[in-house]
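Breakdown of the fold
Residues per chain are reported as follows:
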Amino acid sequence: MAKLEEVKGVGPKSLALLNKIGILSIEDLVTHYPFRYDILKRGNLGETDDGEHIVIDGKVESIPILLRFKGGLNKMNFRFVTNSGVVGVSIFNRAFLKTHLAVGTGVTVIGKLDKKKNVITAADIKMGVLTNQQKIEPVYHCTSGLTNKNLSTYINMALLTYGREIPNYFQEKYQFSNKKTALNIVHNPPTMEKLKEATIRLKYEELFAFMFKINYLKERNHKNHLGLSHEIDSDKLEEFIAKIPFELTKDQRKAVGEIVKDLNSKSRMNRLLQGDVGSGKTIVAFISMYANYLSGYQSALMAPTEILATQHFHHLEELLKGTKVNAALLTGSMSKKEKEKVYDGLRDGSIQMIIGTHALIQEEVEYQNLGLVITDEQHRFGVNQRANLQNKGKRPDILYMSATPIPRTYALTIYGDMDVSIIKERPKGRKPIKTYVKSNAEIKEVLSMMYEELKNNHQVYVIAPLIEESESSDLTTVVELKDKMNLAFGSKYKIDIVHGKMTAAAKDCIMKDFSENKVNILISTTVIEVGVDVPNATMMVIFDANRFGLSTLHQLRGRVGRGSVESSCILISDTDTKRLEIMEQTNDGFEISEEDFKLRGHGDLFGTKQSGDMTFKIADVKQDYKILLQAKEDSYAYLTSEEFEKEPLKEYFITTIEDVK
């Protein structure tokens, strides 16, 4: 394919401007799609009201007069003859048009009509007149020095030599036009109907290519990634499960069965264990570690924070009482001597299970026979961190855990190359959290509700979106809230704050105090969204709740209701209360995530923008979900077909696999 600089009209200056807006190749140029279309339809002077927008064509009747002002500004005036009368036209800062506007030239004027003065103040003047049909004009994202017209010209020149296709039999199946034709229509639409057809065809190809990559990776994992050979004694595993002091839910049982099946298979496990807040994923992970131990392998579980890793370790220790398993904890704050002892145990195999933070992936850590790697809250670790842990063993099975319910649309694209186990059912004895939406005017009532919980020796979380005051925002801050809480409860109860700007050690210290009931009210930003299990915390109050996505609110709410005591969550907001009422109606994180996805899209499902997950140029996974499902099905059929082996396009798809690794 030709280089970008070989496109007619693209010189060094325009090349730099194209690069500036992310256009680095011919492919980038022809897929730089319009972000909107202006519909140009001939108007009529008599039928247009004063001050209304008008699109009208005609001929220049007088030589344009150019007026220049201070600061390099200019204004051009001329008389304009249309089918519905003569009108004056004024346009600012378009002096370069004067040479093109000779008397008798046909042009189209777009602007606002002043009926009293009989003048159109033009926003734009386009050369040529309109046909009887409407004209659809593409509008592109540009940059200073690169106009819409420039871009359109470069794109159309590039299209003369461009050609890349999806597999032929899909073009036949859906009666698609070829890609070059579709691109021509999208950049030069003759009618809205043709534009819609071409857009669907290009969306399909983009989603097909993406889902092909996902399916390719999944198939390759199953076929080429041989796992370790496990021989799990099912009777011993059942004995271990029987000793757990509570009964597993059906979802937990199912997830354990799927994981054990993966461990016993010849392929390497690549599974996501996705569960709602408080659904009991951790016990499933511990059972998986025990199953792995029964086969003679070591297991490692990596958690995002020291306090969470420590909490997991204490729970695991309790569960392993009466067994011969030696488990250990490894965190950054441990002494060198303590760490060395753990390193030795992992190296000689005397430690069969390890729980820790990113300390597990340090250079000094060597495993004798690592067989299972579990990453808790996997989206909080970078790809490299997860890979580093996986690479500690020869071919360990991989289990990811996430407490963030993902809408099926988003899961299909982000986790499409993984097998997924879902836990929805809550463990027995867990009561649903009661949620209330309150206004700032009802703050006294909220404080009374907090006081009732504190009197019963329960603890309360208070959440604010900001750490300190900002001139541009009136959102409630952590510091301001601490002052308010001190006024209300300071003489009777211990209050502390935790936020993202604190060091990990300081945060862990305060969370430890809270978990030991040394702090009664904890004021925090969203840093406690995923954190320590405090069964005694029975109330959460979230200020400026309208500023959070529903999924984030659900994650925050999941910090309470961890014990058998009925818990509540209060959302304080004066705006957007209709949206927040969804939280009052359901405790189902999957249902909430679907609503959040509909309202906000995929950008903020984890509270932070997941950049790079899906960089579609024309498709939108929310709007184009049906096309996505069809593309998933078709791409898998193509991948497993004889045509795939024959198709010359096989190389095109496989060389771009790196995009989704």
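Above this text you will find the structure in question.
Scope of this entry: the structure provided in the associated data block. (Residues numbered from 1 in each chain as written. Predicted model: local features only at pLDDT ≥ 70, side-chain atom pairs only at ≥ 80, totals over all residues. Heavy atoms only, no water.)

Here's the deal with the pairing of strand S10 (residues 298–302)
The element S10 is largely enclosed, with a buried count of five among its five residues. The side-chain alternation of S10 yields two buried faces, one formed by Gln298, Ala300 and Met302 and the other by Ser299 and Leu301. Bridge count between S10 and strand S12 (residues 353–356): four bridges; the pairing is parallel. Residue pairing for S12: Leu301 is matched across the bridge by Ile355. (Buried < 20%, exposed > 50% of the residue type's maximum accessible area, 1.4 Å probe, protein only. Helix = DSSP H or I, 4+ residues; strand = E, 2+ residues; numbered from the N terminus. Pairing = 2+ DSSP bridges.)

Description of the packing of aromatic side chains
According to the stated counting rule, one finds 13 aromatic pairs in the structure shown. Residues Tyr290 and Tyr293 carry aromatic rings whose centres are separated by 5.4 Å and whose planes lie at 45° to one another, so their mutual orientation is tilted. With Tyr290 and Tyr293 both in helix H9 (residues 281–294) and three residues apart, the pair spans about one turn of that helix. Here Tyr290 falls in the buried class, since its relative accessible area comes to 10%. Of the residues examined, Tyr293 reaches a relative accessible area of 21% and is grouped as partly exposed. A centroid spacing of 6.5 Å and a plane angle of 20° characterise the contact between Tyr451 and Phe489, whose relative ring orientation is stacked. Note that Tyr451 is positioned in helix H14 (residues 443–455) and Phe489 in helix H15 (residues 478–489), a separation of 38 residues in sequence. Looking at Phe489, the relative accessible area reads 5%, which means it is buried. (Phe/Tyr/Trp six-rings, centres within 6.5 Å; stacked < 30°, edge-to-face > 60°.)

A short note on the sheet that holds strand S9 (residues 270–275)
With parallel pairing, seven strands are arranged side by side in an open sheet as S11-S12-S10-S13-S14-S9-S15. Pairing within the sheet leaves two strands with one partner each, and these edge strands are strand S11 (327–330) and strand S15 (419–423). Pairs of neighbouring strands in the sheet enclose a mean axial angle of 20°, with direction left out of account. When S9 meets S15, the two strands line up parallel, connected through five bridges. Among the inter-strand pairings, Gln274 is bridged to a residue of S15, identified as Ile422. Sitting on the sheet, helix H11 (residues 336–348) is in contact with S10, S11 and S12, with an inclination near 135° to S11. (Axes fitted to C-alpha atoms, helices over the stretch in contact; angles between N-to-C directions. Contact = heavy atoms within 4.5 Å.)

A few points about the environment of Leu330
Note that Leu330 resides in strand S11. Taking C-alpha positions, Leu330 is 7.1 Å from Ile354, a pair spaced 24 residues apart along the chain. With near-sequence residues (within four places) excluded, Leu330 lies in contact with Lys339, Val342, Tyr343, Ile354, Ile355, Gly356, Thr357, Ala359, Leu360 and Val365.

Quick notes on the side chain of Thr143
Looking at the secondary structure, you find Thr143 in the loop between strand S8 (135–139) and helix H3 (148–159). Judged by relative accessible area, which is 18%, Thr143 ranks as buried. Among residues more than four places away in sequence, those in contact with Thr143 are Leu17, Lys20 and Ile21.

Focus: the nonpolar core
Ranked by size, the top nonpolar core spans 39 residues in total, and within it Ile287 and Met289 carry the most contacts. Looking at this core, the element that brings in the most residues is H9, giving eight residues. Non-local contacts of Met289, meaning those with residues more than four positions away in its chain, are made with Ser299, Leu301, Leu316, Met353, Ile354, Ile355, Leu372 and Ile374. Core analysis: the second largest hydrophobic core is formed by 28 residues, Met511, Phe548, Leu550 and Leu556 among them. (Core = buried A, V, L, I, M, F, W, Y, C linked by side-chain atoms within 4.5 Å.)

Thoughts on the pattern of salt bridges
With the rule as written, the count across this model stands at 26 salt bridges. Between Glu137 and Lys135 there is a salt bridge; the shortest N-O distance is 3.7 Å. Across the salt bridge formed by Arg201 and Glu205, the nearest N and O atoms sit 2.6 Å from each other. One end of the pair is Arg201 and the other is Glu205, both in helix H6 (residues 192–224) and four residues apart, which spans about a single turn. (Salt bridge = Lys/Arg side-chain N within 4 Å of Asp/Glu carboxyl O.)

Observations regarding a nonpolar patch on the surface
There is a patch of nonpolar side chains on the surface, built from Ile65, Leu67, Phe69, Leu73 and Phe92 and spanning about 460 Å² of accessible area. Looking at the secondary structure, you find Leu73 in the loop between strand S3 (65–68) and strand S4 (74–82). Exposure remark for Leu73: the relative accessible area of 45% places this residue in the partly exposed category. (Patch = residues over 30% accessible without salt bridge, like charges linked within 9 Å, V, L, I, M, F, W, Y side chains within 5 Å. Areas by Shrake-Rupley, 256 points an atom, 1.4 Å probe, with all protein chains shown as cover.)

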